[in-house]
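Architecture and fold: a report
Chain residues, written in single-letter form:
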Amino acid sequence: MKGVERYAGFTPIDLVDRTWPGNRIRTAPRWLSTDLRDGNQSLANPMTPERKLMMFELLVDMGFTEIEVGFPVASRSDHDFVRMLIEQDRIPDDVRITVLTQAREELIEQTIDCLKGAPRAMIHIYNATSPVFREVVFGMDRNGCKDMAVRATRVMMDGAERRLRGTDVAFQYSPELFNETELDFSLEVCEAVMDVWQPGEGRGIILNFPTTVERSLPNVFADQIEWLGRNLSRREHVCLSVHPHNDRGTGVASAELALLAGAERVEGCLFGNGERAGNVCLVTLGMNMYSHGVDPGLDFSDISAIRRTVEICNEVPVHPRHPYGGDLVYTAFSGSHQDAIKKGFDELERQALTRDLPAGELPWRVPYLPVDPKDVGRTYEAVVRVNSQSGKGGVAYVMSAWHGMNLPRGLQADLAAKVQAHADAMGGELSPSLIGTLFVQEYLYHGDASEAAGWHTPITASLYVDGAFDHCGPRADTFRTLGALLGPWGIQVRVVHRTGRSLDHEELEPHQRLLGGCSREETVIYAECALGDEVAWGVGIDADIATAAFLAVRAAGTRLVRETHTSRAVSVAAVGH
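Notes on the structure follow. (Residues numbered from 1 in each chain as written. Predicted model: local features only at pLDDT ≥ 70, side-chain atom pairs only at ≥ 80, totals over all residues. Heavy atoms only, no water.)

**A short note on helix H8 (residues 218–231)**
Over its 14 residues, H8 runs 20 Å from end to end, which matches the ideal 20 Å to within 8%, given 1.5 Å per residue. Looking at H8, one finds that the buried residues are Pro218, Val220, Phe221, Ala222, Asp223, Gln224, Ile225, Glu226 and Leu228. Close packing links the buried residues of H8 with helix H7 (183–197), strand S6 (205–211), strand S7 (238–244) and helix H9 (251–260). (Helix = DSSP H or I, 4+ residues; strand = E, 2+ residues; numbered from the N terminus. Expected span 1.5 Å × (residues − 1). Buried < 20%, exposed > 50% of the residue type's maximum accessible area, 1.4 Å probe, protein only. Contact = heavy atoms within 4.5 Å.)

**Side note on the nonpolar core**
Grouped together as the largest cluster of nonpolar side chains are 129 residues, with contacts concentrated most on Val69, Ile225, Leu270, Phe439 and Val539. With 8 residues, H7 is the single largest residue contributor to this core. Contacts of Val69, omitting those with residues within four sequence positions, involve Leu36, Phe56, Phe81, Val82, Leu85, Ile97, Thr98 and Val99. Ranked by size, the runner-up nonpolar core spans 13 residues in total, among them Leu463, Val465, Cys529 and Ile545. (Core = buried A, V, L, I, M, F, W, Y, C linked by side-chain atoms within 4.5 Å.)

**Some remarks on the packing of aromatic side chains**
Inspection of the entire model under this criterion finds 7 aromatic pairs. Ring centres of Phe345 and Tyr397 lie 5.7 Å apart, and the angle between their planes is 40°; this geometry places the pair in the tilted category. Of this pair, Phe345 sits in helix H12 (residues 335–355) while Tyr397 sits in helix H13 (residues 392–401), and the two are 52 residues apart along the sequence. Judged on exposure class, the residue Phe345 and its partner Tyr397 are both buried. Here Phe439 and Tyr443 contribute two aromatic rings whose centre-to-centre distance is 5.3 Å and whose plane-to-plane angle is 45°, an arrangement assigned as tilted. With Phe439 and Tyr443 both in helix H15 (residues 432–443) and 4 residues apart, the pair spans about one turn of that helix. By relative accessible area, Phe439 is classed as buried at 0%. Above the plane of the ring of Phe185 lies Arg134, whose end atom (NZ or CZ) is 4.9 Å from the centre. Lying across the ring of Trp197, Arg203 places its NZ or CZ 3.8 Å from the centre. (Phe/Tyr/Trp six-rings, centres within 6.5 Å; stacked < 30°, edge-to-face > 60°. Lys NZ or Arg CZ within 6 Å of the ring centre and 35° of its normal.)

**Observations concerning the pairing of S6**
With 7 of its 7 residues buried, S6 lies for the most part within the structure. Here S6 shows a buried face lined by Ile205, Leu207, Phe209 and Thr211 and a second buried face lined by Ile206, Asn208 and Pro210. Bridging between strand S5 (residues 168–176) and S6 involves 2 bridges; their strand directions are parallel. Bridge pairing in S6 links Gln172 to Ile206. Between the parallel pair S5 and S6, the chain is carried across by H7, and the sense of this crossover is right-handed. Pairing of S6 with S7, which is carried by 7 bridges, proceeds in the parallel orientation. (Pairing = 2+ DSSP bridges. Right-handed = clockwise from strand over helix to strand, strands pointing away.)

**Looking at the environment of Gly377**
Along the chain, the position of Gly377 falls in the loop between H12 and H13. A residue is classified by how much of its surface remains accessible, and Gly377, at 41% relative accessible area, is partly exposed. When the C-alpha atoms of Gly377 and Phe300 are compared, they prove to be 8.2 Å apart, with 77 residues separating the residues in sequence. Beyond its immediate sequence surroundings of up to four residues, Gly377 is in contact with Ser301 and Asp302.

The analysis is restricted to geometry; functional conclusions fall outside its scope.
Structural data, given as structure tokens:
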């Protein structure tokens, strides 16, 4: 590609004894949401006060206790929003608001004034420390850059002591563009800032290290963080924080590797909003921990509601493939995926019945789904969606989850072929209700039920029983007599399985279930009928098991004769031509 020689890769950090590759994330970090600051400033249409308040309340409800609420000197709207939170007493007792300001004396003074009356506040000061900013933007050397940070810290401490009495003031410092700054200089600036602040017991400091523009591999960032963790003085009083951006598409990886390397706090935005390619996505990061059995300390139990609120506040849609929260991330169209998912759910339900436990209390082991959709407020109804790429597993899942019918494998394949043909013909996706309609039209007997007992076509059939059949109850005797009743037809009767309640059965509306669902008093019988080499399926549903059996055989036999005659007619026509 032309021009590639203009760009240079990052030199690896000389850290031969790094320990982070062997570490594990065992606890959640401290979280800071910067949706109302970094996220808001990146929007084409910045949030109105109403949208800002909606976002703030969402963050509080999710469990954030550190929220960056604005850059008060950057805009009047940010200033007014901070004042509104304070004056209307909207800040919960366990939440500390954070405000951002550059390391300039007049801006720090205005920021302090904006915080008057706040019960708890964090003042976050930053200045860029990388060589390109020192040389190109500021025209200063290392000492000048360090002095800027030191003076800003003194001004903040003096102003807060004089004008924020009664406010619990905390302090955060960021060497902006840290990832492009020499490590020894980042350390030197942070040590100089701490010499002024004097962190100690009950007086900690947050040192925040941003990948302001992500340029290096995540492992390089992890090495930088581990190096700092080893070399910072007063380490027990320092909260080592990171603020990854996503310019290379590896913001989440950078944050996770930084946590392995000793970072204790992460700043980011919900669904990765922010300048350019965005900040690290706190939803993805938190849910990644959750999927490994680590409580993120944030509430994602209604992830769709979180997404809707974020979309309203940002006026930016969340991509349907966004991890954990997108519309399609718990959905399978592929036939092989659908088959594996259905088998996973079937096994989960089998274990639940065997162990007499709710399925939601069992270890999650369902293929293709990293977490249980129900744990984040999603239902199973949209997990499997059917189009021309789907197979028997997807169709079987829809029939079970939506219509409460567990089809034998042969019938699954037969129905799937018909559904796929329909999908190929019409294009697009087939809804569960349409699949149910196709099933009813194709496999149920549509004549007079009383006629079933008088039908005597000589065919062979196997019956598969599903529904309210009790091996030990009074209906068992009726079932055992079916062989004798249907013997003249050559019907073989065997119990293949009984239905358990489908995982979603209790949550489906009646109109979503086939024929309103099957009641506890009804039995479903699937008949597989053979005439020579030809096979057809039929289904019977009735409170009386014998009637259900006759209806199933009648439906299958009717299809069998019809299809056999059709195929013979086609063969004759072909020979004659």
